[in-house]
Amino acid sequence: MFEISFIPAFKDNYIWLLRRDHQALVVDPGDAAPVLARLAEDGLTLAGILITHHHADHQGGVGELTAHHPAPVFAPAGESITGRTAPLDGGERLTLLGQTLDVLAVPGHTAGHLAYLTDDGLFCGDTLFGAGCGRLFEGTPAQMAASLDRLAALPPTTRIYCAHEYTAVNLRFATAVEPDNPAITARAAQVAAQRRANLPSVPSTLAEELATNPFLRCRQPAVIAAARQHGATDDSPVAVFAALRRWRSEDR
Ligand code: ZN
Ligand code: FE
């Protein structure tokens, strides 16, 4: 097992740090400075960098980090990534610091987006968020819906280590979609309390997401009904997903 913690970056990014003894992996270091500070503070050697996708807030720190700590850079093969040493397509199994990590292709937010799965944690970048999902910058609704279906099929105990603190605002949208879902009401209260105390709302578990995340609930009658009122042309999960995603983006 890794010991997992986060390094806050920018306004609302989380850079995840996976530690074993005095070695560490980092996921999506958009900024090098807070990572360098943490490695120095904790006396850690950087053993690898895992990148989910090419956006600057996820890979912007790679050049400076590897200048100080030469380490392999695992990243999507099909995206433009600074300093990538290990191109990945999804489907690979990595062994790092004695632990296995499965690489999953989850296109939608970007075309080559990857997620990394350890024995109990999913590092999913901007694909799945607390109570939400990433915007479709490069993929189609069908692609993103298929990626989310894939994640939804993981064990419900899987911890969801996403890359942004967006849960509170996402829950406002979830409430608009399903005003009568008590799990959403309860989670909104819990997350509001966490944020007031300056605590992260992540990681969640997949079970919590399945109960509260509208984008994982496209087969629920209440979600289908709401999506039909917001442009879904039929009840298929892809049509429902597409309508929700469009509604969410307009709602910002
Ligand atoms: Zn992104
Ligand atoms: Fe991002």
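What counts as what
- Each chain has its residues counted from 1, following the order in which its sequence is written.
- Chains carry letters from A onward and ligands carry numbers from 1 onward, assigned in written order.
- Per-residue local features of the predicted model are confined to residues with pLDDT of at least 70, and side-chain atom pairs are confined, for both listing and counting, to 80 or more; whole-chain, interface and lining totals are unaffected and use all residues.
- With hydrogens and water excluded, all non-hydrogen atoms of the structure serve as input to the side-chain values.
- Centres within 6.5 Å are what make two rings of Phe, Tyr or Trp a pair, Trp counting through its six-membered ring; a difference in plane orientation under 30 degrees is then read as stacked, over 60 as edge-to-face, and the rest as tilted.
- Secondary structure elements are taken from DSSP: a helix is a run of H or I of four residues or more, a strand is a run of E of two residues or more, and numbering for both begins at the N terminus.
- The rule is simple: take the accessible area with a 1.4 Å probe, protein chains only, and divide by the maximum for that residue type; under 20% is buried, over 50% is exposed, in between is partly exposed.
- For Na, K and Ca the donor cutoff is 3.2 Å, while for all other metals N, O and S atoms count as donors only within 2.8 Å; water does not appear among the atoms, so some sites may look incomplete.
- Site shape is set this way: if four donors have all angles between 85 and 135 degrees, tetrahedral; if opposite donors are over 155 degrees apart and all others between 65 and 115, square planar for four donors and octahedral for six; otherwise irregular.
- The rule is simple: put a 1 Å grid over the protein atoms alone, call a set of points where a 1.4 Å probe fits but cannot get out a cavity, call an open set with protein on both sides within 12 Å along at least five of seven lines a pocket, and count a residue as lining if it has an atom within 4 Å of a point.
- Grid points are joined across faces, edges and corners, and a volume is the space filled by probe spheres set on the points.
- In this scheme, strands are said to pair when DSSP sees at least two bridges between them.
- The arc in question is formed by the directions pointing from the helix axis toward the C-beta atoms.
- Residue contacts are counted whenever heavy atoms from the two residues lie within 4.5 Å of one another.

> Hey, could you run me through the packing of aromatic side chains in this one?
By convention here, two paired aromatic rings are described through the distance between centres and the angle between planes. By the definition in use, this model includes nine aromatic pairs. Measuring from centroid to centroid gives 6.0 Å for Phe173 and Phe215, while their planes differ by 15 degrees, and the two rings are stacked. With Phe173 in helix 5 (residues 167–177) and Phe215 in the loop between helix 7 (206–212) and helix 8 (221–228), the pair connects residues that are 42 residues apart, well separated along the chain. You can call Phe173 buried: its relative accessible area is 1%. Measuring from ring centre to ring centre gives 5.0 Å for Phe173 and Trp247, while their planes differ by 75 degrees; the resulting arrangement is edge-to-face.

> Help me understand the coordination of the iron ion (ligand 2) in this model?
Each donor-metal-donor angle would ideally measure 109.5 degrees in four-coordinate tetrahedral geometry, or 90 or 180 degrees in six-coordinate octahedral geometry. Only Asp57 (OD), His58 (NE2), Asp126 (OD) and His164 (NE2) from the protein reach the iron ion (ligand 2) as donors, at distances of 2.1 to 2.3 Å. The site at the iron ion (ligand 2) holds four donor atoms, and with the angles between them running 84 to 166 degrees, its shape is irregular. Between the donor residues of the iron ion (ligand 2), the gaps in sequence give the motif D-H-x67-D-x37-H. In this structure the zinc ion (ligand 1) is found 3.3 Å away from the iron ion (ligand 2), and Asp126 serves as a bridging donor for the pair. Here the residue Asp126 occupies a position in the loop between strand 10 (121–125) and strand 11 (128–129), and His164 occupies one in the loop between strand 13 (159–162) and helix 5, the gap between them amounting to 38 residues. What makes Asp126 buried here is its relative accessible area of 5%.

> Looking at this structure, I do not really get empty space enclosed by the protein. What am I missing?
Left-over empty space is what a probe sized like a water molecule reveals as it rolls over the atoms. A complete count under the given rule lists one cavity of 30 Å³ or more for this structure. Taken as a whole, the largest cavity holds about 40 Å³ of empty space. In this structure, the largest cavity is lined by Tyr14, Trp16, Val27, Asp28, Thr52, Phe123, Cys124, Gly125, Tyr161, Cys162 and Ala163. Top element by residues in the lining of the largest cavity is strand 10. It accounts for three residues.

> Would you mind going over the coordination of the zinc ion (ligand 1) with me for this structure?
Around the zinc ion (ligand 1), the protein contributes the donor atoms His53 (NE2), His55 (ND1), His109 (NE2) and Asp126 (OD), at 2.2 to 2.3 Å from the metal centre. The site at the zinc ion (ligand 1) holds four donor atoms, and with the angles between them running 87 to 173 degrees, its shape is irregular. On the accessibility criterion, His55 (17% relative accessible area) is buried.

> How should the sheet that holds strand 9 (residues 114–117) be read in this particular structure?
The strands that make up a sheet pair up through hydrogen bonds in the backbone, lying either parallel or antiparallel. Across the sheet, which stays open at both edges, the six strands sit in the order 7-8-9-10-13-14 with mixed pairing between neighbours. With partners counted over all chains shown, the strands left at the sheet margins are strand 7 (93–96) and strand 14 (204–205), one partner each. Taken together, the four bridges between strand 7 and strand 8 (residues 99–105) define a ladder with antiparallel strand orientation. Counted as the bridge partner of Arg93 is Asp102 from strand 8.

> Looking at this model, I keep getting lost on helix 1 (residues 33–42). Mind explaining?
Since the α-helix turns once every 3.6 residues, residues separated by three or four places project in the same direction. Of the positions making up helix 1, those classed as buried are Val35, Leu36, Arg38 and Leu39. Seen end-on, helix 1 carries its buried residues on one side only, within an arc spanning 165 degrees. Those residues of helix 1 that are exposed and aimed more than 90 degrees away from the buried face are Ala40 and Glu41. Against the buried residues of helix 1 lie strand 1 (3–9), strand 2 (13–20), strand 3 (23–27), strand 4 (45–50) and helix 3 (62–68). Gly43, located one to two residues past helix 1, shows a positive phi value of around 60 degrees.

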